[in-house]
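One letter stands for each residue in the lines below.
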Amino acid sequence: MIRIRIPATSANLGPGFDVLGMALDLFNEVEITPRRKADAANPAIEIEGEGAKTLPRNEKNIVWQAMKKVFACAGARRKGPYSFGDFQIRLVNRIPLASGLGSSAAAYLGGIMAANEITGRILSREDMLLMGVKLEGHPDNVVPALLGGLCISMVIDNEVKYVKLPVPAIKAVVCTPDFELVTEKTRKILPRHVPFAAATFNTSRVALFLSALMTKNFKLLSAGMEDRLHQPYREHLIPGMKKIIDVAMAAGAYGVALSGAGPSIVALCAPAKAKPVGIAMQNKWKQFNIASACFVLDADTQGARVISRR
Ligand code: HSE
């Protein structure tokens, strides 16, 4: 039996479109056991929590898809190839789906890491990173989910380049409305070209964001989390987005942004401000007749890991 724990992630963090991401202490778990013949009549995949009613329990499940990729790499060198149904796969999902918190990165990485353990670790960490990025499509969730912390990442010449930075002791208050947005859809609405001024605006904000965190000059985050590359184009998909950002700032957040492609909104704040900021965001969403969940999270510094093995 192998159990893997994978953190949620908040990507972009405002200006760092497709580049910045931070791991958070909200976790999914993937547990794999060999399947007994006696269990053959039951589904090979059990799902608890988020997606228990909607995610596929067949070969289309992305955790299995990722496992299959690793088994294919192992090829004839190991006792595989394994088939669907050889394992009992139990998923404990706490990361809301299609919410801008990296649930698909967590699923792919859970599958990759579990299968890597099963095959005797044929993949290095770098191999797992590249496979995760190829499967998921973008590095900004996959890299912090695997490595933990605050990561700057990109793919250059088929290689994932990254830097993991320490995260100061601030809280990430994540407010997740009860509707989903599929990243594919929220990318399609982005323009092919942006004004030069928007590009320079974002370059300055990314620099400000990172230096504010590294020098603990958190007041600069209010400007350092501003964005002109994606949030303005996604705003119409998220009712009240701008107002929610405004009330979180008014309640004392250092900086606020869309989490990944949304619809969750993430506010970085001092621990003492976490509660009022969360309440302000939820109340504002209520005014738009949207229920929401609020998570007060710390950064996860470890990333995906094996938590049990026997
Ligand atoms: N950076 C992506 C986007 C989401 O904003 O579309 C996370 O990969």
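Structure's up top.
To keep things clear, this report deals only with the structure shown in the data block. Predicted model only: the values in this text are computed from it and were never measured.

Definitions and cut-offs
- Residues numbered from 1 in each chain as written.
- Predicted model: local features only at pLDDT ≥ 70, side-chain atom pairs only at ≥ 80, totals over all residues.
- Heavy atoms only, no water.
- Phe/Tyr/Trp six-rings, centres within 6.5 Å; stacked < 30°, edge-to-face > 60°.
- Buried < 20%, exposed > 50% of the residue type's maximum accessible area, 1.4 Å probe, protein only.
- Helix = DSSP H or I, 4+ residues; strand = E, 2+ residues; numbered from the N terminus.
- Near = heavy atom within 4 Å.
- Polar contact = N/O pair within 3.5 Å; in protein donor to acceptor, adjacent residues only side chain to side chain.
- Areas by Shrake-Rupley, 256 points an atom, 1.4 Å probe, with all protein chains shown as cover.
- Pairing = 2+ DSSP bridges.
- Axes fitted to C-alpha atoms, helices over the stretch in contact; angles between N-to-C directions.
- Contact = heavy atoms within 4.5 Å.
- Salt bridge = Lys/Arg side-chain N within 4 Å of Asp/Glu carboxyl O.
- Core = buried A, V, L, I, M, F, W, Y, C linked by side-chain atoms within 4.5 Å.
- Domains from an automatic or database assignment.

Here the focus is the packing of aromatic side chains. Geometrically, a pair of aromatic rings is defined through the distance of the ring centres and the angle of the planes. Scanning all chains against the criterion turns up 6 aromatic pairs. Their ring planes at 55 degrees and their centres at 6.1 Å tell us that Trp 64 and Phe 71 sit as a pair that is tilted. Judged by its relative accessible area of 2%, Trp 64 is buried. When the centroid spacing of 5.8 Å and the interplanar angle of 20 degrees are considered together, the rings of Phe 71 and Phe 87 count as stacked. Of this pair, Phe 71 sits in helix H1 (residues 62–74) while Phe 87 sits in strand S4 (residues 87–93), and the two are 16 residues apart along the sequence. One exposure class covers both Phe 71 and Phe 87, and it is buried.

In this section: the site of the ligand. Surveying the vicinity of the ligand reveals the residues Ala 11, Asn 12, Phe 17, Asp 18, His 138, Asp 140, Asn 141, Thr 183, Arg 187, Arg 234 and Ala 261. A distance of 3.4 Å separates an oxygen atom of the ligand from a polar atom in the side chain of Asn 141. Considering the ligand on its own, with 260 Å² of exposed area, one finds that the protein chains cover 98% of that surface. Elements represented by at least two residues in the shell around the ligand include exactly helix H4 (139–147) and helix H5 (183–188).

Before going further, it helps to spend a moment on the sheet that holds strand S7 (residues 171–177). A sheet is described by the order of its strands in space; here 4 strands give the open sequence S8-S9-S7-S10, paired in antiparallel fashion. Strands with a single pairing partner mark the edges of an open sheet, and in this sheet they are strand S8 (255–258) and strand S10 (292–297). In this sheet, neighbouring strand axes are inclined to one another by 20 degrees on average, regardless of whether the strands run parallel or antiparallel. One ladder, built from 6 bridges, connects S7 with S10; its direction is antiparallel. Bridge pairing in S10 links Ala 172 to Leu 297. Against the sheet, helix H10 (residues 274–287) engages S7, strand S9 (265–269) and S10, with an angle of about 15 degrees to S7.

All right, on to the environment of Ile 290 then. Locating Ile 290 in the fold gives a position in the loop between H10 and S10. Residue Ile 290 is classed as buried on the basis of its relative accessible area, which comes to 10%. Linking Ile 290 and Phe 179, residues 111 residues apart in sequence, is a C-alpha distance of 8.4 Å. When neighbours within four sequence positions are excluded, Ile 290 is seen to be in contact with Pro 177, Asp 178, Phe 179, Pro 239 and Trp 285.

On to the pattern of salt bridges, then. Applying the stated criterion across every chain yields a total of 12 salt bridges. Between Asp 298 and Lys 171 there is a salt bridge, with the nearest N and O atoms lying 3.0 Å from each other. Taken together, the residues span a long stretch of sequence, with Asp 298 in the loop between S10 and strand S11 (305–309) and Lys 171 in strand S7 at a distance of 127 residues. Of the charged contacts in the structure, one is a salt bridge between Arg 205 and Glu 226, with a shortest N-O distance of 3.1 Å. Here Arg 205, found in helix H6 (residues 196–214), pairs with Glu 226, found in the loop between helix H7 (221–224) and helix H8 (231–234); they are 21 residues apart in sequence, far enough to count as distant. Judged by its relative accessible area of 19%, Arg 205 falls in the buried class. Residue class for Glu 226 comes out partly exposed when judged on its relative accessible area of 32%.

This brings us to unusual backbone geometry. Between Gly 262 and Pro 263 the backbone carries a cis peptide bond, its omega angle lying at 5 degrees. With respect to the helices and strands, Pro 263 occurs in the loop between S8 and S9. Positive phi outside glycine occurs at Leu 13, with the angle close to 55 degrees. Following the sequence through the fold, Leu 13 ends up in the loop between strand S1 (2–11) and strand S2 (20–34). Although it is not a glycine, Asn 158 sits at a positive phi angle of roughly 65 degrees.

Among the nonpolar cores identified, the biggest contains 67 residues, and Met 67, Ile 89, Phe 209 and Leu 268 are the most heavily contacted of them. Among the elements that line this core, the one with the most residues is helix H2 (residues 103–118), at 9 residues. The residue makeup of this core includes at least three contributed by each of domain 1 (2–166) and domain 2 (171–297). For Ile 89, the contacting residues outside a window of four places in its chain are Glu 31, Ile 32, Ala 44, Ile 45, Glu 46, Val 63, Trp 64 and Met 67. Among the nonpolar cores identified, the runner-up in size contains 20 residues, and Ile 238, Met 241, Ala 267 and Cys 269 belong to it.

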